[in-house]
Number of protein chains: 2
Amino acid sequence: MSFETFSAHLLRYPDLTFSLDTSLMDIPSTFYETMMERVTKAYTDLLALEDGNVVNPDEERMVGHYWLRNPELAPNDEIRSSITDALALLRDFAAKIHTGEISPPAGGKFEKLLLIGIGGSALGPQFVSDALRPAAQMATYFFDNTDPDGIDRTLAEIGDLSKTLVLVISKSGGTPETRNGMLEAEAAYTAAGLEFGQHAAAITGHGSKLDLYSESNDWLTSFPMEDWVGGRTSIMSTVGLVPLALQGIDLDAFLAGASTMDAHTRETNIRTNAAMQLALAWHHEGNGRGEKDMVVIPYKDSLALFSKYLQQLIMESLGKRLDLDGKEVFQGIAVYGNKGSTDQHAYVQQLRDGVHNFFATFIEVRQGRAGESIEVEPGVMAGDYLQGFLRGTRKALYESGRRSITISIEEVTPRTIGALIALFERAVSFYASLVNINPYHQPGVEAGKKAATLFLELLADVKDILSEKAQTAEALASALRADPEEVYHCLTHLAANGKASLESGSSPHEDRFRS
Amino acid sequence: MSFETFSAHLLRYPDLTFSLDTSLMDIPSTFYETMMERVTKAYTDLLALEDGNVVNPDEERMVGHYWLRNPELAPNDEIRSSITDALALLRDFAAKIHTGEISPPAGGKFEKLLLIGIGGSALGPQFVSDALRPAAQMATYFFDNTDPDGIDRTLAEIGDLSKTLVLVISKSGGTPETRNGMLEAEAAYTAAGLEFGQHAAAITGHGSKLDLYSESNDWLTSFPMEDWVGGRTSIMSTVGLVPLALQGIDLDAFLAGASTMDAHTRETNIRTNAAMQLALAWHHEGNGRGEKDMVVIPYKDSLALFSKYLQQLIMESLGKRLDLDGKEVFQGIAVYGNKGSTDQHAYVQQLRDGVHNFFATFIEVRQGRAGESIEVEPGVMAGDYLQGFLRGTRKALYESGRRSITISIEEVTPRTIGALIALFERAVSFYASLVNINPYHQPGVEAGKKAATLFLELLADVKDILSEKAQTAEALASALRADPEEVYHCLTHLAANGKASLESGSSPHEDRFRS
């Protein structure tokens, strides 16, 4: 490749120390021409979204995450002030926690933070606090599941709860994992002789179950969560900003990074719009049908959760059965990855030699560390190797026909992290327009939830019907007019958790269960 | 699906509390018939491997990880005693560390452990220690990269080094990331006024660079790493067992779990061999060409790293360009996933509704927690929800035509973790035989390493040639007879790390650099 070609495909935003290199994606310029109509529609869709139109038709909602870092964009004063008011409220709360004006009943200051949430209400804060960890003022822990062992493990890590502040995050307050985590935390505080409400704050929709619960139990406070913010794009709402403020992360820089990136990616020139460049590169590589997985490899330990964050943002947004015209399209892009150069010792063997079902996205952080480095060889530092491995891997992949995108930033800071998040949010919005889908809903997760509810109902029935007489799953299922396999799973679960006794047979048919 | 069909596809090993359910993989029994010849070959290959034949032809090596948990299998007394001797040696070392017979020069006992390694020399210990963490005696930290920021961050987490034991793990001693990590650690100990060698032990090949370095610097000890153990299957060699013994994990149970699984998966009856069942299911689903990604979702927080572990084991083993006859085949299976039910709030939307390019592997742990649970609803515990979500998601996916495998164990223990690792190692061996590739080498990672070395050489040249006169990348490249793009990347890297000054132009052509 000539330096000419490279330069032509290198897009730079010096105000964000950002560059995007798509030179190894082999996109012919004719491709841009064929996409022009859809690109124009994508820009129109973006304007409609930023203007406050209902762009999530299935849920009849506005989509406002771009307003969060630029409240002037918001479609009306009410929304504008809901953003600025919440920001003022949470800054005030964090300041009072830091000074000790809001303090635990046992005295002293709150020193630790337990965040209870799942999906968008956990992954964003997890990614950003891990990326920016050195600045953290409060050690942060997460309940992000309904696993009792996992809850016990996190409680053991925290140790003393008396100086631990709890944030419970759920828009509806009805997410069972979060509700369960909250009840488990409450029980742990009670067992420790502590008043849970005096340690707890909520982030939730106004009037939600959680809002009411927090009020009637005298919690420290409740922050609003707006209807027009989706979970996977909630990191710049109260969901992300409350924990980040508590951790002492510079919110202004974080929001400014995002809004600066938004300004760049509002430009309609394809060549200078990094988000459109990404969306088009994804489209070209996967034929607009997600035919290639996206492997995200940041060469920086602190960005190790970024691929997991993008996995949610991209797959939950783009993985859709129907397009906006109601046609079955089975869209999506699979995303995975961890960090380089570590991943080179894990699966880069397959990337270079194996099944060609992916393209790579490298994230480069140019600076090795802020301070001085020792030499690991004459004139060579550990960080030079990191850079060398990124460049070497990128080249080796391309030589075997595997394409890649390289995104570079100077350092991991609140500003650059804000910019990276905004870039991918915008690229997802654009890509969704290019392939004509709604990226702002998640209809596919309902079926699993419903099936889970039915399972829990059956579990209760099975527990009730168990007697001292040992019976097979089929006999019990017949009595309950239920599916024997489902009943069998309920029974093995009850047996493993001390609620049933199992007399093992040589197959599920012959296993017998009693109370 | 009838209970009959389910039962016929449920394989149980009660001595491991293990079951494997392939009923939702829709494998017709005729498929087994068509595969019979290859299955027979796979069993023959396994016998040859366990007998000590050279089954890694490219590297002319025996492959002995199955001997590690069953030394009687080893092909000769020398190998047999190398296994048992190393085990005795490392148990003795761990006991002396725990009693304080081997202690830090500053007094007291070693309380923390810093493990320096990458790939197989880090991921195995990371997964197993995370899974079994509650039993850990020593808090464990990792340098698993050559990222200076990451090293600084881990050092900050450790804090006081004076009671921290370091394990440096590298077969050849030549892995740059590990060598760099070691030198950085050594510098940190020296800066803290501590004698590094008095805190360090090596795990390395006999006579390797690292072996010699540890000897000449009076390290505490050096454990042998055998030629016939590959990195990604080294968890039951000194690589895994030294850290696990230091953490107080029950090695006997861990090894017995693996050897018990090995015994089951040595049986030639396809229907009762869980590893062959897995290999055949993978083959059927991906047409023997890896056409479907494997999404691994354990519903248990402590198993969150299992998919990353399997990602390495499977992708590095199976991702191969050539088959054993030298034909280009571009094999492999892409693996990703984190944990349930958390992942349901991230990408299960795409799995159910989106691009159909995967099959799922659910890992169920039947017991919620060892102790009592509170009720989150009348009669319902948090762990019931975990089980409900697994069953619900599995069902919802199948209803939309997405297949899945479900593996169940009773609890996460050293024995069940040993068994799970052994199961997948064996499944990988079998699958490789079915598709006729060598799963024990990794030829594809060399190209990236070579390109990295060239980059580092160029970086040195570019640094040398920089002068006070600002010059473009092209001018400098011309003087060095090097590629201008490569030179440009060297220059931006030097500029970001204080080794060059950049006068920014509007494009890479116009950027000028000086010393």
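Residues numbered from 1 in each chain as written. Chains lettered and ligands numbered in written order. Predicted model: local features only at pLDDT ≥ 70, side-chain atom pairs only at ≥ 80, totals over all residues. Heavy atoms only, no water.

The next thing to look at is the pattern of salt bridges. Two side chains that carry opposite charge are able to pair once their charged atoms sit near each other. Enumeration over the complete set of coordinates arrives at 72 salt bridges over all chains. The partner of B:Glu157 in a salt bridge is A:Arg133, with the nearest N and O atoms 2.6 Å apart. Pair noted here: B:Glu157 is in helix H5 (residues 148–158) and A:Arg133 is in the loop between helix H4 (120–131) and strand E4 (139–143), and the two residues belong to different chains. The network of salt bridges with common partners includes A:Glu50, A:Arg69, A:Asp262, A:Arg266, A:Glu425 and A:Arg426. (Salt bridge = Lys/Arg side-chain N within 4 Å of Asp/Glu carboxyl O. Helix = DSSP H or I, 4+ residues; strand = E, 2+ residues; numbered from the N terminus.)

Residues and elements named next belong to chain B. Among the six residues that make up strand E5 (residues 164–169), six are buried, leaving the element largely enclosed by the rest of the structure. Side chains Thr164, Val166 and Val168 of E5 all project onto a buried face; the interleaved residues Leu165, Leu167 and Ile169 project onto the opposite face, where all are buried too. Here four bridges tie E5 to strand E6 (residues 200–204), and the two strands are oriented parallel to one another. Looking at E6, one finds that Ile169 is bridged to Ile203. In the classification by handedness, the crossover that spans E5, the intervening helix H6 (residues 176–191) and the parallel E6 is right-handed. (Buried < 20%, exposed > 50% of the residue type's maximum accessible area, 1.4 Å probe, protein only. Pairing = 2+ DSSP bridges. Right-handed = clockwise from strand over helix to strand, strands pointing away.)

This part is about the environment of A:Ile314. Residues and elements named next belong to chain A. By the secondary structure assignment, Ile314 is in helix H11 (residues 306–318). Here Ile314 falls in the buried class, since its relative accessible area comes to 0%. Expressed as a C-alpha distance, the spacing of Ile314 and Pro439, which sit 125 residues apart in the sequence, is 8.8 Å.

Here chain A shows a mean pLDDT of 96. Residues at 70 or above account for 99%. The ipTM, which scores confidence in the relative placement of chains, is 0.97 for this predicted complex, and the corresponding pTM is 0.98. (pLDDT = per-residue confidence, 0-100.)

This next bit is on the domain arrangement of chain A. Residues and elements named next belong to chain A. Split into domains, chain A comes out as domain 1 (3–64 + 253–368 + 381–435), domain 2 (71–249) and domain 3 (443–514). With centres defined by C-alpha atoms, the gap from domain 1 to domain 2 works out at 30 Å. Across the boundary between the two partners, domain 1 contributes 29 residues, which contact 24 residues of domain 2. Summed over both sides, the interface between domain 1 and domain 2 buries roughly 2,300 Å², with carbon and sulfur atoms accounting for 71% of that surface. Between domain 1 and domain 2 we count two salt bridges in total. We note a salt bridge from Glu316 to Arg232, for which the minimum N-O separation is 3.3 Å. The interface formed by domain 1 and domain 2 holds five residue pairs in polar contact (both at pLDDT 80 or more) in total. (Domains from an automatic or database assignment. Contact = heavy atoms within 4.5 Å. Buried area = accessible area lost by both parts, 1.4 Å probe. Polar contact = N/O pair within 3.5 Å; in protein donor to acceptor, adjacent residues only side chain to side chain.)

Buried accessible area, meaning the area lost when the parts come together, often serves as the stated size of an interface. Chain B puts 130 residues into the contact, and the matching count from chain A is 129 residues. Of the roughly 11,100 Å² buried where chain B meets chain A, counting both sides, 54% is carbon and sulfur surface. We note a salt bridge from B:Asp147 to A:Lys300, for which the minimum N-O separation is 2.7 Å. At the boundary of chain B with chain A, the tally comes to 82 residue pairs in polar contact (both at pLDDT 80 or more). Broken down by element, the residue count for the side of chain B that touches chain A peaks at 14 residues, all from helix H13 (residues 382–399) of chain B. Split by residue class, the side of chain B that touches chain A holds 45 nonpolar, 44 polar and 41 charged. (Nonpolar A, V, L, I, M, F, W, Y, C, P; charged D, E, K, R; others polar.)

Attention shifts here to the environment of B:Glu410. Mapped onto the elements, B:Glu410 comes out in the loop between strand E11 (404–409) and helix H14 (414–434). Placed 392 residues apart in sequence, B:Glu410 and B:Phe18 show a C-alpha to C-alpha distance of 7.2 Å. In this structure B:Glu410 touches A:Ala496, B:Thr17, B:Val365, B:Arg366 and B:Gln367, once residues within four positions along its chain are discounted.

On to the relation of the copies chain B and chain A, then. Mapping chain B onto chain A calls for a screw motion: a turn of 180 degrees about the axis and a shift of 0.0 Å along it, with 0.0 Å RMSD after fitting. Taken together, the rotation angle and the small translation identify this as a two-fold axis. Minimal C-alpha separation from the rotation axis in chain B is found for B:Tyr336, amounting to 3.1 Å. Take the interface residues of chain B: 99% of them recur as interface residues in chain A, which is what a same-surface contact looks like. (Least-squares fit on C-alpha atoms with pLDDT ≥ 70 in both.)

A separate point is helix H3 (residues 77–99) of chain B. Residue and element names in this part refer to chain B. Here H3 contains 23 residues, and its C-alpha end-to-end distance of 32 Å stays within 8% of the 33 Å for a straight helix at 1.5 Å per residue. Packing partners of the buried residues in H3 comprise E5, E6, strand E7 (221–224), helix H8 (238–246) and helix H9 (251–264). A side-chain oxygen of the first residue of H3 lies 3.1 Å from the backbone nitrogen of Glu78; this N-cap is Asn76. Note on H3: the residue one or two positions beyond its end, Gly100, has a positive phi of about 90 degrees. (Expected span 1.5 Å × (residues − 1).)

Take the sheet that holds strand E10 (residues 358–365) of chain A next. Residues and elements named next belong to chain A. An order of E1-E2-E11-E10-E8-E9 is seen for the six strands of this open sheet, with the pairing classed as mixed. Two strands lie at the open edges of the sheet, namely strand E1 (10–13) and strand E9 (335–336), each paired on one side alone. Relative to strand E11 (residues 404–409), E10 runs parallel, the two sharing six bridges. The partner of Phe362 across the bridge, within E11, is Thr406. Helix-sheet contacts for helix H13 (residues 382–399) involve strand E2 (18–21), E10 and E11, and the interaxial angle to E10 is about 160 degrees. (Axes fitted to C-alpha atoms, helices over the stretch in contact; angles between N-to-C directions.)

Residues and elements named next belong to chain A. Ordered by their spatial adjacency, five strands build an open sheet running E4-E3-E5-E6-E7, and the pairing between neighbours is parallel. The sheet terminates laterally at E4 and strand E7 (221–224), the two strands that pair on one side only. Looking at each pair of strands side by side, their axes are set apart by 20 degrees on average, direction ignored. Sheet analysis places strand E3 (residues 112–116) next to strand E5 (residues 164–169), joined by five bridges and oriented parallel. Bridge pairing in E5 places Ile116 opposite Val168. Across the sheet, helix H3 (residues 77–99) touches E5, strand E6 (200–204) and E7, and the angle it forms with E7 is around 145 degrees.

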